[in-house]
Amino acid sequence: MKRLVVKYELLNLRREKLLLLLFAASSLFAVLAFYNGYRFSQNQALAVTAAQQEQQTANNTIRQGLAERQARQGPLNWWDDKHDLRGQAFYLMVNYATKAPLPTAAIAIGQADIQPYFFRMLVTEKQHVLHQYDYTHPLALLLGQLDLAFVIIYLLPLLLIGACFNALSEEKQSGQLRIMMLQGISPATLVAAQILVRAGAVMVPFLLISNLCLWLFSPGITFISLLIFSLLVLLYTGFWLALTAWVISLGKNAANNAARLVTAWLGLVIVVPAVLNILIMTLNPSPSRLVYVDQMRSHTDKVNQQAAQTLANFFQDHPELAKTGTATNDYATSKIAKILAVEQAMQPFDDAFVKVLHKQNQQAGWLKHLSPATLLHAALIDLAGNGQLRHQAFMQEVQQHHQKLQTYFASRIALAAQNGDFAPCSGCNARVTLADASDIPVFSSQASLLPIPYGAMLMLVLLIVLLTFASTKALSKMHQGQSQTVLV
């Protein structure tokens, strides 16, 4: 009997040409969304590869040009000298910290379009290094990016609602429901068959095309990642189908069902996330960026005015770099001392931003459970590697790498100054202090995928169970009422 119901529903969809329309719309969304996300991730991957190649080329140039530099007799400014530690540290060094996109990056762009994913490293204040931005057109940021996550969260529910809102309504209004009940078909069975068939026309092509594209065009993607992606999509779909079934079980007409479901979509997908974002930002306002910049300038001026005291404090903190009887107050050492002093003075302001960001992320982690849309969005961007937690881990690694570079150049510049390498004689070029750049610290990232989002999956399963139970109970009452009418 169930097969007959499914066959009947397929014939209806085919007669109304809805089946082909659903297939076409779902397939088109899958292709366009994947292409856009894939193109974005490829552009990032190309930028990361170009940065790494540029760094390798610069290191090879230093190694190959050593003999020419040693034989040079003419004047050479140290800030133009690739074989001078000072020139490399402050101006010429090609050293990048990069965050390569994961194989799953095409699933969800998230905030990757505004979060920096590579940094050109120099020995300067870390604030100047970390606050680099790749400027993007504001309209593109306002509209957002069309990716698989956007289609899944925003568009697929609308397709499902449009396909399923009138399930059971036509049969009930035309009187066919009573005839079907005489043949042993319950309203619950009919609703389940109609919704599953119509949802299959939407979800089967979408999942097949998206998974196939990810598998073919994302080298390195694992079966586990595809399985998690598919499970999340199916559970989110299951929530909307269960919600649709519950609305239909209330026994209203098709127009009423459509109005309720669209209102639910607006509330859960648009209103609730917006309210949560406003609430989090209101409860945890970020410190003023203008005040931060003003403090940065103020502390920089103060450090420059107290250069001698700053240098003395530097050697007090780094006694291994201070040797008696030698000239250690050269320009480069003084510059490094000033950089460290400004960083130390700005640390409380940096900590204030980090503290606020931590609170915002913590509250977002709690409040995301208020809407399936925010729950799924967080899970998908984490799966794609474009979530906030992975980016924060990357930023911490960048700061650690910056500190390693400062330590490396500070010790070697101080030693070179003590040995007189920067001023071997009056009018002479500085000696070669960097013969090979291979020992300069190289950035390495350990940031990886987050654990499987069991919490999000469990929450979606719970919502599906509750809505299914409520709709089954309501449809059972409808069955009893219709049975009595039929018997009469």
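Residues numbered from 1 in each chain as written. Predicted model: local features only at pLDDT ≥ 70, side-chain atom pairs only at ≥ 80, totals over all residues. Heavy atoms only, no water.

Draft legend 1. Structural context of the overall build of the protein. Helix and strand counts for the protein come out as 18 helices and two strands. The buried share of the protein, taken over its 488 residues, is 45%. Considering only contacts within the protein whose residues lie at least 6 apart along the sequence, 83% involve residues at least 24 apart. A total accessible area of about 25,400 Å² is found for the protein, and carbon and sulfur atoms account for 62% of it. (Helix = DSSP H or I, 4+ residues; strand = E, 2+ residues; numbered from the N terminus. Buried < 20%, exposed > 50% of the residue type's maximum accessible area, 1.4 Å probe, protein only. Contact = heavy atoms within 4.5 Å. Areas by Shrake-Rupley, 256 points an atom, 1.4 Å probe, with all protein chains shown as cover.)

Draft legend 2. The arrangement of the packing of helix H7 (residues 148-164) against helix H11 (residues 223-249) in detail. Running from N to C, H7 and H11 cross one another at 30 degrees; their axes reach a closest spacing of 10 Å. Comparing the axis directions of H7 and H11 gives the class roughly parallel. As H7 packs across H11, the resulting crossing turns out to be right-handed. For the pair formed by H7 and H11, the contact residues are Leu148, Ile152, Ile153, Pro157, Leu160, Ile161 and Cys164 on the first element and Phe229, Val233, Tyr236, Thr237, Trp240, Leu241, Thr244 and Ile248 on the second. (Axes fitted to C-alpha atoms, helices over the stretch in contact; angles between N-to-C directions. Parallel < 35°, antiparallel > 145°, perpendicular 65-115°, else oblique. Left-handed = near helix turned anticlockwise from the far one by under 90°.)

Draft legend 3. Focus on the pattern of salt bridges. Counted by the stated rule, this structure contains four salt bridges. Its salt-bridge partner being arginine 86, residue aspartate 84 comes within 2.9 Å of it at the nearest N-O pair. Neither residue differs from the other here; aspartate 84 and arginine 86 are each classed as buried. Salt-bridge contacts for arginine 431 lead to aspartate 421; the nearest nitrogen and oxygen are separated by 2.9 Å. Pair noted here: arginine 431 is in the loop between helix H17 (388-418) and helix H18 (454-487) and aspartate 421 is in the loop between H17 and H18, with a separation of ten residues, a long-range link. (Salt bridge = Lys/Arg side-chain N within 4 Å of Asp/Glu carboxyl O.)

Draft legend 4. Inspection of a nonpolar patch on the surface at higher detail. There is a patch of nonpolar side chains on the surface, built from Leu212, Trp215, Leu216, Phe217, Phe223, Ile224, Leu227, Leu231, Ile452 and Tyr454 and spanning about 1,000 Å² of accessible area. One can find leucine 227 in helix H11. (Patch = residues over 30% accessible without salt bridge, like charges linked within 9 Å, V, L, I, M, F, W, Y side chains within 5 Å.)

Draft legend 5. Representation of the packing of aromatic side chains. Applying the stated criterion to the full structure yields 16 aromatic pairs. Both rings, one in phenylalanine 394 and one in phenylalanine 443, keep their centres 5.9 Å apart while their planes meet at 90 degrees; by these two values the pair is edge-to-face. Here phenylalanine 394 is found in helix H17, whereas its partner phenylalanine 443 is found in the loop between H17 and H18, with 49 residues between them in sequence. A relative accessible area of 0% means that phenylalanine 394 is categorised as buried. Owing to a relative accessible area of 12%, phenylalanine 443 belongs among the buried residues under this scheme. Following the ring pairs from residue to residue traces out a cluster consisting of Trp78, Trp79, Phe90, Tyr91 and Tyr331. Lying over the aromatic face of phenylalanine 422, arginine 86 brings its terminal NZ or CZ to 3.9 Å of the ring centre. Cation over ring: arginine 289 sits above phenylalanine 353, and NZ or CZ is 4.5 Å from the ring centre. (Phe/Tyr/Trp six-rings, centres within 6.5 Å; stacked < 30°, edge-to-face > 60°. Lys NZ or Arg CZ within 6 Å of the ring centre and 35° of its normal.)

Draft legend 6. Examining helix H12 (residues 254-283) more closely. Compared with the 44 Å implied by 1.5 Å per residue over 30 residues, the 42 Å span of H12 between its first and last C-alpha is a close match. Regarding H12, the residues found buried are Ala254, Asn257, Ala258, Leu261, Trp265, Val269, Leu276 and Ile280. N-cap assignment for H12: the residue whose side-chain oxygen lies 3.4 Å from the backbone N of alanine 255 is asparagine 253. (Expected span 1.5 Å × (residues − 1). Polar contact = N/O pair within 3.5 Å; in protein donor to acceptor, adjacent residues only side chain to side chain.)

Draft legend 7. Layout of the UniProt feature "transmembrane region" (unreviewed entry) in the protein. Summarizing the sequence annotation, UniProt attributes the feature "transmembrane region" (unreviewed entry) to residues 148-168, 189-217, 223-249, 261-283 and 452-470 in the numbering used throughout. Secondary structure across residues 261-283 divides into 100% helix and 0% strand, with the first and last C-alpha atoms of the span separated by 31 Å. Span residues 452-470 is 89% helix and 0% strand, its end C-alpha atoms 29 Å apart. (UniProt positions renumbered as here; feature names shortened; annotations may be inferred.)

Draft legend 8. Fine view of the nonpolar core. Counting 66 residues, the largest nonpolar core has Ile152, Leu214, Phe229, Trp240 and Leu380 as its most contacted members. Every element with two or more residues in this core is listed here: helix H2 (18-64), H7, helix H10 (187-217), H11, H12, helix H16 (372-384) and H18. Among the elements that take part in this core, H11 stands out by supplying 15 residues, more than any other. Apart from residues no more than four positions distant in its own chain, tryptophan 240 is found in contact with Pro157, Leu160, Ile161, Ala264, Trp265, Leu268 and Val269. (Core = buried A, V, L, I, M, F, W, Y, C linked by side-chain atoms within 4.5 Å.)

Draft legend 9. Broad picture of the side chain of serine 225. Within the secondary structure, serine 225 sits in helix H11. Among the polar contacts listed, one links the side chain of serine 225 to the side chain of threonine 222, at a separation of 3.0 Å.

Draft legend 10. Focus on the confidence of the model for the protein. Considering every residue of the protein, the mean pLDDT works out to 84; 85% of them sit at 70 or more. The element-level mean pLDDT for the protein is lowest in helix H6 (residues 138-143), coming to 47, with H11 highest at 94. This stretch, residues 137-143, has a pLDDT under 50; its non-local contacts, to residues over four places away or in other chains, come to three contacts. Across residues 324-328 the pLDDT falls below 50, and counting only partners more than four positions away or on other chains, this stretch makes nine contacts in the model. (pLDDT = per-residue confidence, 0-100.)

Draft legend 11. Quick peek at the environment of serine 26. Note that serine 26 resides in helix H2. Since its relative accessible area comes to 0%, serine 26 is described here as buried. A sequence separation of 179 residues divides serine 26 from proline 205, and the C-alpha atoms of the two residues are 6.4 Å apart. In this structure, serine 26 is in contact with Leu159, Val202, Pro205 and Phe206, ignoring residues within four places of it in sequence.

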